[in-house]
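Summary of the model geometry
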Amino acid sequence: MDAAITFPQSLVQARGHNFCAGPGVLPLPVIEAIRDELPALPGVGASVFEISHRSDAYTEIAASARARLQRLLGLGDEWLVLFLQGGASMQFHQVPLNFLAPGQSADYVVTGVWAEKALKEARLLGEARIAASGEASGYRALPSAESWEVDPEAAYLHMTSNNTIYGTEYRTDPSVPVPIVSDASSDFLSRPIDLDPYGLIYAGAQKNIGPAGVVVVLVRDEFLQTRRAGLPTLLDYGTHAARLFHTPPVFAVYVVEKVLGWLEEEGGLAGIAERNERKAGRLYDRLDASGFYHPFAEKASRSLMNVTFRLATEELEERFASEAEASGLLALAGHRSAGGLRASLYNALPEEAVSALVAFMDDFEARYG
Ligand code: PMP
């Protein structure tokens, strides 16, 4: 057997700057490490695709991923870390299934399509109130946490910390009288957070921390204990908190573990937050510098992860996205439901990518402005 699959240098060079909203860019050193270990994990004699989920090798990978998350976020023993499947969309259902008992209601902050979907699933199962909504602004603006009308009896309050489609983000942690459940799919581990207000945080890995196929769920034990009895086994968070019940997405967890290692090397959440602020700051400055580009989100609600903007016509937007693609700036078209343009600046996107995009924007404006 050959020792390693060789990955031609030309392929590495052929990587564009990837602004995809998800699955999105991963750190190149992680991809290279995966390449090196692909035929056989060191000391194991089989690839990561071919090992039992009950093997020592996987047990160590999962334990290391948990330990890295604990260190990065400062999670105490009261937090459980689960690696689940079904995408963030499954969490829209699993959260109310576990925590919204008959006779109770839950509060939802509706700030975009993903939040609407979460609310819809909750209403299939029980009573869910809208504590605040950004719909009247066309989801350009976030209702400030101070304006949320929170029912102090609510089982929980569900929010979406970053709205991937519209490019809006709550960049501080709100404080409300009930546990917060946060869909952090598109800004997970992009900045240090204050864990106090949260009962549960979930994130599909495929934006900031890994490939598709795993959802990271952080749940506070005290909140977990408020779940209903008699839940379907696989959909009961308690099942996964207690044991490895069934085959987890081994490969996805393996990649997540490596991305978390990269994050630690990059200075942890404080280090990555500083870089994320710099990247988004440069792009917003460029957008604000002329009337040619029209930023979509209101200033106070702007996301550091997904920067959304429009041009004068849809035709010009299409031209922008296709010319950018031809220049190696990938996936800049907006979400199909919102149109426009969107640059996703996830943790792994290097600063040079933003420089390249800004240079392209200068040139595009010079030619079409
Ligand atoms: N929530 C947010 C904030 C998202 O951006 C997405 C996907 N783009 C989802 C939920 C749904 O994730 P999944 O496709 O993993 O179900």
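Structure: see above.
Residues numbered from 1 in each chain as written. Predicted model: local features only at pLDDT ≥ 70, side-chain atom pairs only at ≥ 80, totals over all residues. Heavy atoms only, no water.

**Re the sheet that holds strand β9 (residues 198-204)**
Hydrogen bonding along the main chain pairs the strands of a sheet, whether they run parallel or antiparallel. Here is the rule: Strands qualify as paired when DSSP identifies two bridges or more between them. Helix and strand assignments come from DSSP, with helices taken as H or I runs of at least 4 residues and strands as E runs of at least 2, each series counted from the N terminus. The axes are straight lines fitted to the C-alpha atoms, using for helices just the contacting stretch, and the angles between their N-to-C directions are given from 0 to 180°. The contact definition used throughout considers only heavy atoms, calling two residues in contact when any of these lie within 4.5 Å.
If you walk across this open sheet you meet the seven strands as β2-β10-β9-β8-β5-β3-β4, and the pairing is mixed. The sheet is open, and its two edges are formed by β2 (79-84) and β4 (127-133), each paired on a single side. Direction aside, the axes of adjacent strands within the sheet are offset by 20° on average. With four bridges connecting them, strand β8 (residues 180-183) and β9 associate as parallel partners. Residue I180 lies in a different strand from β9, and its bridge partner there is Y198. Here helix α4 (residues 87-99) sits on the sheet and contacts β2, β3 (105-110), β8, β9 and β10 (215-220); the angle it forms with β9, its principal contact strand, is near 155°. Contacts from helix α5 (residues 113-125) reach β3, β4, β5 (157-160) and β8 within the one sheet, and its direction differs from that of β3 by about 165°.

**A look at the pairing of β4**
Test applied: When the strands point away from the viewer, a crossover counts as right-handed if the route from the first strand across the helix to the second turns clockwise.
Summarising the sheet, β3 and β4 pair through six bridges and their orientation is parallel. The partner of S105 across the bridge, within β4, is E127. After leaving β3, the chain enters α5 and then returns to the sheet as β4, a path that is right-handed.

**Digging into the sheet that holds strand β11 (residues 294-295)**
Within the open sheet, the three strands sit side by side as β11-β12-β14. Their pairing is antiparallel. Two strands close off the open sheet at either side, each with one partner strand: β11 and β14 (341-344). Pairing analysis gives two bridges linking β11 to strand β12 (residues 306-310), with the strands arranged antiparallel. Bridge pairing links P295 to F309 in β12.

**A closer look at the packing of aromatic side chains**
For clarity, the cut-off: Ring pairs shown here join Phe, Tyr and Trp side chains whose ring centres sit within 6.5 Å, with only the six-membered ring taken for Trp; geometry is labelled stacked below 30 degrees between planes, edge-to-face above 60, and tilted in between. Summary of the burial criterion: residues with accessible area below 20% of their type's maximum are buried, those above 50% are exposed, and those between are partly exposed, where the area comes from a 1.4 Å probe applied to protein chains only.
Here the structure, examined in full by the defined rule, presents 18 aromatic pairs. Arranged with centres 5.5 Å apart and planes meeting at 85°, the rings of W148 and Y170 form a pair that is edge-to-face. A residue pair is termed long-range when its members are at least 10 positions apart, and W148 in the loop between β4 and β5 and Y170 in the loop between β7 (168-169) and β8 qualify at 22 residues. When sorted by exposure, W148 lands in the same class as Y170, which is buried. Aromatic side chains F320 and F364 sit 5.1 Å apart centroid to centroid with 80° between the ring planes, which places their arrangement in the edge-to-face category. Placement of F320 in helix α10 (residues 314-326) and of F364 in helix α11 (residues 351-368) is noted, with a sequence separation of 44 residues between them. The rings of F292, Y293, F309, F320, F360, F364 and Y368 are connected pair by pair, giving a single aromatic cluster.

**Structural notes on the environment of A366**
Relative to the assigned elements, A366 resides in helix α11. A C-alpha to C-alpha distance of 9.9 Å links A366 and F292, two positions 74 residues apart in sequence.

**Some points on the pairing of β2**
The two faces of the sheet receive side chains in turn, since in a regular strand these alternate between them. The buried fraction of β2 amounts to five of the six residues, a majority that puts the element mostly inside the structure. Pairing of β2 with β10 involves six bridges; the strand directions are antiparallel. In the strand pairing of β10, L84 is matched with V215.

**Some details on helix α8 (residues 250-265)**
Think of an α-helix as 3.6 residues a turn; residues three or four steps apart then line up on the same face. Quick reminder of the rule: For a helix, the expected span equals 1.5 Å multiplied by the number of residues minus one.
Taking 1.5 Å per residue, 16 residues should reach 22 Å; α8 reaches 23 Å between its end C-alpha atoms and fits that length. For α8, a buried count of 13 out of 16 residues is recorded, marking the element as mostly surrounded by other parts of the structure. Directly after α8, the chain includes G267, whose backbone phi takes a positive value near 100°.

**Looking at the environment of E266**
On the secondary structure map, E266 appears in the loop between α8 and α9 (268-288). If sequence neighbours within four positions are ignored, E266 has contacts with G271, I272 and R275.

**Observations concerning unusual backbone geometry**
The omega torsion across G22 and P23 is -10°, close enough to zero to call that bond cis. On the secondary structure map, P23 appears in the loop between β1 (17-18) and α2 (28-37). Positive phi outside glycine occurs at Y139, with the angle close to 65°. Tracing the sequence through the fold places Y139 in the loop between β4 and β5.

**Focus on the site of the ligand**
Worth spelling out the cut-off: Distances are taken per atom, and a residue is near a molecule or strand as soon as one of its heavy atoms is within 4 Å of it. Any N or O atom pair separated by 3.5 Å or less is treated as a polar contact, with the protein-specific requirement of one donor-capable and one acceptor-capable atom, and with residues adjacent in sequence counted only for side-chain atom pairs. A 1.4 Å probe and the Shrake-Rupley method give the accessible areas. Residues count as covered only by the protein chains that appear here.
Taken together, 13 residues sit near the ligand, with S89, T164, D183, Q206 and K207 positioned nearest. Q206 has a polar side-chain atom sitting 2.9 Å from an oxygen atom of the ligand. With the chains in place, 84% of the 400 Å² that the ligand exposes on its own is no longer accessible. Per-element tally for the shell around the ligand: the top contributor is α4, with four residues.

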